[in-house]
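# Observations on the three-dimensional arrangement
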Amino acid sequence: MAVPVAFFALFFAYPVTAIVGRGLKAEGDWQFGRIGEVLSRPDILGVLWFTTWQALASTALTLLIALPGAYVFARFDFPGKQVLRAVVTVPFVLPTVVVGTAFLALVGRGGLLDELWGVRLDTTVWAILLAHVFFNYAVVVRTVGGLWSQLDPRQEEAARVLGAGRFAAFRRVTLPALAPAVAAAALMVFLFTFTSFGVVQILGGPAYSTLEVEIYRQTAQLLDLPTAAVLTLVQFAAVGGILAVHAATVRRRERALKLVDPAQTSRRPRGVGQWALLGGVLLTALLLILLPLGVLVERSLDGPGGYGFGYYEALRSVGAGGSSTFLVPPLEAVGNSLRYALVATLIALVVGGLAAAALTRRAGRLVRGFDALLMLPLGVSAVTVGFGFLITLDKPPLDLRTSWILVPLAQALVGVPFVVRTMLPVLRAVDDRLREAAAVLGASPLRAWREVDLPLVRRAVLVAAGFAFAVSLGEFGATVFIARPDNPTLPVAVARLLGRSGELNYGQAMALSTILMLVCAVSLLLLERIRTDRSGEF
């Protein structure tokens, strides 16, 4: 636990505490009375209520739509499976401002629904909920599907032989085994929707505001740092309470599982019902995932002179179309993002892997509390983290404001929880008797981990690496404050282009967003091809 604790204390707790402390201090004195004043305001209470219920609704809707997809990807073998798995993960790395813009083109004024049926959903909660499902679909598919594909189907088949119906066998055998992974996926979806920013700001309009939107408004527009600090504390306390309940609930349901090679559980669909389920999942992916992505691609190619690659060509110059906020051509953001994401992924795997290994030891309340704390970066305002980096990491021996490593560190903060939540259910499912047998045969703890745990969790490690790389590519909230002007990331470059008026800037933003999608899809597709060996060691 030493390395993860030091990492989070230095790069998360210290910056967040510093920025909140500045907001609650006035002339050297603490202003705790400000908390009651802020929380008694009707507008703030309305923000708290909307933040909570839309996150619950988004989580429930995401699970309802994505769990069938998790089953299909875990149990069925069909042409194009690896490509489709990579495609459904692409939305998760897109900056939220791009996601909001894509759905605005679908459901807003002049969008696809408006043109076909005269229906507009922008400035309604339905647009927000659908965009959240689009964004978080891959979280459920990969987190739940990763464990589902390693569950031995013969256990459920044995229940069927003993007289249980299909639903009863699933409810009594498979669902309890999947419960930790489902809870982990639901937790991540809830945290992301609870702290939603870009989607709500673009699609919700002035009528809807989450805590994250309100923190940004109080900080950047009204310059009311005390109110922003109070809202940050409220967000922190709410997320901490949710994580504590989650840790206590999930631990009661965890048990050792018999894991098998995913190749042994995947087969072609059989019967009308399974083919219908596969068709329904493919149709859902087409309408929910591919259609918004297709809008972005179409917009990136639709130039003033007709369809072509004019917007892509403009990315190669600094000042195309007039003055520019870029010191380098926007296309250089591609290389910057890849380098930052690779370093951030390595950091996240080391820190998250050590944390997951420590959490498998079940060492009492201290470890259970640490389990909850690891998820806090997903529930704390990225605005707060970004500002905290700027005001704390500016003095020796940690003067990192001008160092390139600052961006990967911020990205790794978001990647570590995904590594832990992906690896932990699989690590805890490993039967302790296997480790004990290895120890009896003379293996050291390190060799026992290498010979017993690692072969069983290699696929989980690859899934965790994919998630960490994906979230690093798309991280925006904290990166926008610390990325150097001469080394922007893809999301920062897209946001800068969207923030400037003009058809050329908008087209370049769509072109850069399309490049981000392609980079992510190719990276995830390569990751899918790195399979664990099928030697029967499972």
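Preceding block: the structure.
## Digging into the overall build of the protein chain
Counting secondary structure elements, the protein chain contains 24 helices and 6 strands. Within the span of the protein chain, comprising 538 residues, buried residues form 54% of the whole. Contacts spanning at least 24 positions in sequence make up 80% of the contacts within the protein chain whose residues lie at least 6 apart. Of the roughly 22,900 Å² of accessible surface on the protein chain, a fraction of 64% belongs to carbon and sulfur atoms.

## Brief notes about the nonpolar core
Of all hydrophobic cores here, the largest spans 157 residues; its most connected members are F7, F389 and F418. With residues up to four places along the chain from it excluded, the contact list for F389 reads F11, P15, L406, L409, A410, L413 and I482. Of all hydrophobic cores here, the second largest spans 6 residues; its members include V430, A438, V452 and L456.

## What to know about the packing of helix α15 (residues 332-359) against helix α23 (residues 490-498)
One can describe the packing of α15 onto α23 by two numbers: an axis separation of 8 Å at closest approach and a directional angle of 145°. Judged by residue contacts, A333, V334 and S337 of α15 engage L490, P491 and A493 from α23. Here the contact of α15 with α23 is built from residues that sort into 5 nonpolar, 1 polar and no charged.

## Concerning the pattern of salt bridges
When their charged atoms lie close together, side chains carrying opposite charge are able to pair. Per the stated rule, a full pass over the model turns up 4 salt bridges. Taking the shortest distance from any N to any O, the salt bridge between R316 and E313 comes out at 3.4 Å. By relative accessible area, R316 is classed as exposed at 57%. For E313, a relative accessible area of 48% corresponds to the partly exposed category. With its nearest N and O atoms 3.9 Å apart, the salt bridge here joins E451 to R450.

## Details of the side chain of H132
Here H132 shows up in helix α7 (residues 125-148). Take H132: its relative accessible area is 4%, and that puts it in the buried class. Beyond its immediate chain neighbours, meaning those up to four positions away, H132 contacts Q54, S58, T62, T193, S196, V199 and V200.

## Quick notes on a nonpolar patch on the surface
The grouping of L112, L116, W117, V119, L283, L286, L287, L290 and L291 at the surface amounts to a nonpolar patch, some 850 Å² of accessible area in total. Of all the elements in the fold, those that place two or more residues in the nonpolar patch are α6 (112-117) and α13 (271-301). It is α13 that contributes the most residues to the nonpolar patch, 5 residues altogether. In this structure L291 comes out as partly exposed when scored by relative accessible area, which is 35%.

## Some remarks on the environment of P91
By the element assignment, P91 lies in helix α4 (residues 81-93). With 45 residues separating them in the primary sequence, P91 and N136 have C-alpha atoms 7.8 Å apart. With residues near it in sequence (within four places) discarded, P91 still touches V99, F134, F135 and I289.

## Focus: the side chain of R75
The residue R75 is located in helix α3 (residues 42-75) in this model. What makes R75 buried here is its relative accessible area of 10%. A distance of 3.3 Å separates a polar side-chain atom of R75 from the backbone oxygen of W148.

## Some remarks on the packing of aromatic side chains
What the rule picks out here adds up to 13 aromatic pairs. Ring centres of F73 and F78 lie 6.2 Å apart, and the angle between their planes is 55°; on these two criteria the pair is classed as tilted. Given the relative accessible area of 10%, F78 is considered buried. One aromatic cluster is present, built from ring pairs that chain together F7, F8, F11 and F12.

Conventions and cut-offs
- Residues numbered from 1 in each chain as written.
- Predicted model: local features only at pLDDT ≥ 70, side-chain atom pairs only at ≥ 80, totals over all residues.
- Heavy atoms only, no water.
- Helix = DSSP H or I, 4+ residues; strand = E, 2+ residues; numbered from the N terminus.
- Buried < 20%, exposed > 50% of the residue type's maximum accessible area, 1.4 Å probe, protein only.
- Contact = heavy atoms within 4.5 Å.
- Areas by Shrake-Rupley, 256 points an atom, 1.4 Å probe, with all protein chains shown as cover.
- Core = buried A, V, L, I, M, F, W, Y, C linked by side-chain atoms within 4.5 Å.
- Axes fitted to C-alpha atoms, helices over the stretch in contact; angles between N-to-C directions.
- Nonpolar A, V, L, I, M, F, W, Y, C, P; charged D, E, K, R; others polar.
- Salt bridge = Lys/Arg side-chain N within 4 Å of Asp/Glu carboxyl O.
- Patch = residues over 30% accessible without salt bridge, like charges linked within 9 Å, V, L, I, M, F, W, Y side chains within 5 Å.
- Polar contact = N/O pair within 3.5 Å; in protein donor to acceptor, adjacent residues only side chain to side chain.
- Phe/Tyr/Trp six-rings, centres within 6.5 Å; stacked < 30°, edge-to-face > 60°.

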